[in-house]
Amino acid sequence: MSNATVVVVTSGKGGVGKTTTTAAIASALAKEGYQVCAIDFDVGLRNLDLIMGAERRVVFDLVNVVRGEASIKQALVRDKKLNNLYLLPASQTRDKDALTEEGVEAVISELRGYFDWVICDSPAGIERGATLAMRHADEAIIVSNPEVSSVRDCDRIIGLLDAKTKIAEDGGRMPKHLMITRYDTDRAKTGDMLATDDVVDILSVPLIGVVPESKDVLKASNVGLPVTLSDENSPPAKAYQEATRRLLGENIPVTIPEEKKSLFGKLFKGRAA
Amino acid sequence: MNILSLFGKRGESASVANNRLQILLAHELADDGSDAVLISSLREDILAVVAKRVEIDPDSVRLEMDRSGDVTTLGIDIELPAAKAS
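Residues numbered from 1 in each chain as written. Chains lettered and ligands numbered in written order. Predicted model: local features only at pLDDT ≥ 70, side-chain atom pairs only at ≥ 80, totals over all residues.

Caption draft 1: Representation of the overall build of chain B in the model. Scanning chain B from N- to C-terminus turns up 3 helices and 2 strands. Going residue by residue from the N terminus, the α and β elements of chain B occur as α-α-α-β-β. Residues counted as buried form 2% of the 86 residues belonging to chain B. Of the contacts made within chain B by residues no fewer than 6 positions apart, 39% connect residues no fewer than 24 positions apart. (Helix = DSSP H or I, 4+ residues; strand = E, 2+ residues; numbered from the N terminus. Buried ≥ 20, exposed ≤ 12 C-beta atoms within 10 Å, placed from the backbone. Contact = placed C-beta atoms within 7 Å.)

Here it is in structure tokens:
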């Protein structure tokens, strides 16, 4: 029987790339051969199903499972391309208290027995949904854009990870990884954007990956494929593949994969800088 | 495999997105939980029929629904126990 590592993908702020990151990391882990389950904790506003292209196949969801209306195995939606990748969708109910702490605990502990990795996609905010998503995690991936409000919200989330989680209450310390997304190398060079070192210094969390701003992310979400599956050679896919290797314990230097520019573009940028 | 090649590279992913959203939103509007009820009852019926002939673990029966616009398909996946030597 496996005993999964449970990872929460969280950020505080909305729209920074939690769901994109969850889908990308979960599918990259599945590609490595692990049994992987991605859970959407955003009750009322589920989206992980859309990003993973499973929206037409959702019948039961996390709330059905917590309420005992469906078994976990009934609710899990298997990925069309990777048969070792599963999604546990969030419910679209407006009932904010649909998830209970005991219910979530039971779901996570059952999933631990079936999978190698359980990746929890946290909702934005610092309320119940977000704290439930992180509660039983073994590790956290904190997603930030190189932008002041996003970094500040991450700092608050780090506070919660060190106070409101099971690990913290048991006197431990949640291992954390920082994922910087929507990074624009050119703007960082010209000093118009926080650099990765700035963000790492402020948050004091080790870097697991830097995902460049890229049109490939929108393209992947349009067609409903995690960016690591839609175009494996795109810069964001490479960044997520590298981050996944680090999550698996490999010690490799963080690089920032770049869009391939035309020769003309390169010359032009070179002059402008 | 690069899936984008299936859709062409000239910005056609946007029309895929449009199509997906149309189907999804139409379904969410009409969703009254009847899919879940139907799946649950079908599952019970199928389990009962199969259990007459072979011993199966109720957990190893998977029902999957796939809605694509006008057509909804139902996939049934039953894991049979390793065949006993007779």
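Here the narrative resumes.
Caption draft 2: Spotlight on the packing of helix α1 (residues 18-31) of chain A against helix α13 (residues 235-247) of chain A. Residues and elements named next belong to chain A. In contact at an axis separation of 9 Å, α1 and α13 are set at 65 degrees when each is read in the N-to-C sense. The orientation of α1 with respect to α13, classified from their angle, is roughly perpendicular. The handedness of the crossing between α1 and α13 is right-handed. The segment α1 lies against α13, with A24, I25, A28 and L29 engaging Y240, Q241, A243, T244 and L247. The residue makeup of the contact of α1 with α13, split by class, is 7 nonpolar, 2 polar and no charged. (Axes fitted to C-alpha atoms, helices over the stretch in contact; angles between N-to-C directions. Parallel < 35°, antiparallel > 145°, perpendicular 65-115°, else oblique. Left-handed = near helix turned anticlockwise from the far one by under 90°. Nonpolar A, V, L, I, M, F, W, Y, C, P; charged D, E, K, R; others polar.)

Caption draft 3: Spatial organisation of the interface of chain B and chain A. In this complex, chain B contributes 21 residues to the contact, which on the side of chain A involves 15 residues. Counting residues per element, the ones that place at least two in the side of chain B that touches chain A are α1 (4-7), α2 (13-30), α3 (34-53) and β1 (61-68) of chain B. If one sorts the elements of the side of chain B that touches chain A by residue count, α2(B) sits on top with 8 residues. The class makeup of the residues in the side of chain B that touches chain A is 11 nonpolar, 3 polar and 7 charged.

Caption draft 4: Inspection of the confidence of the model for chain B at higher detail. Residue and element names in this part refer to chain B. Per-residue confidence for chain B gives a mean pLDDT of 79, with 83% of residues at or over 70. Looking at the elements of chain B, mean pLDDT is at its lowest for α1, recorded as 52, and at its highest for α2, recorded as 89. For this predicted complex, the interface confidence score (ipTM) comes to 0.81, while the overall pTM stands at 0.89. (pLDDT = per-residue confidence, 0-100.)

Caption draft 5: Examining the nonpolar core more closely. Residues and elements named next belong to chain A. V36, C37, A38, V118, I119, C120 and I142 are the most contacted members of the largest nonpolar core, which has 87 residues in total. In terms of residues, this core owes the most to one element, α1, which gives 7 residues. Not counting residues within four places of it along the chain, the set of residues in contact with C37 comprises L76, Y86, L88, L111, F115 and V118. (Core = buried A, V, L, I, M, F, W, Y, C linked by C-beta atoms within 7 Å.)

Caption draft 6: Structural view of the sheet that holds strand β6 (residues 139-144) of chain A. Residues and elements named next belong to chain A. Overall, mixed pairing links the 8 strands, which are arranged β3-β4-β2-β5-β1-β6-β7-β8 in an open sheet. Strands at the two margins of the open sheet, each flanked by one partner only, are β3 (77-78) and β8 (207-212). Sheet topology note: the β3/strand β4 (residues 85-88) ladder contains 2 bridges and is antiparallel. Across the sheet, the residue bridging to R78 is Y86, located in β4. (Pairing = 2+ DSSP bridges.)

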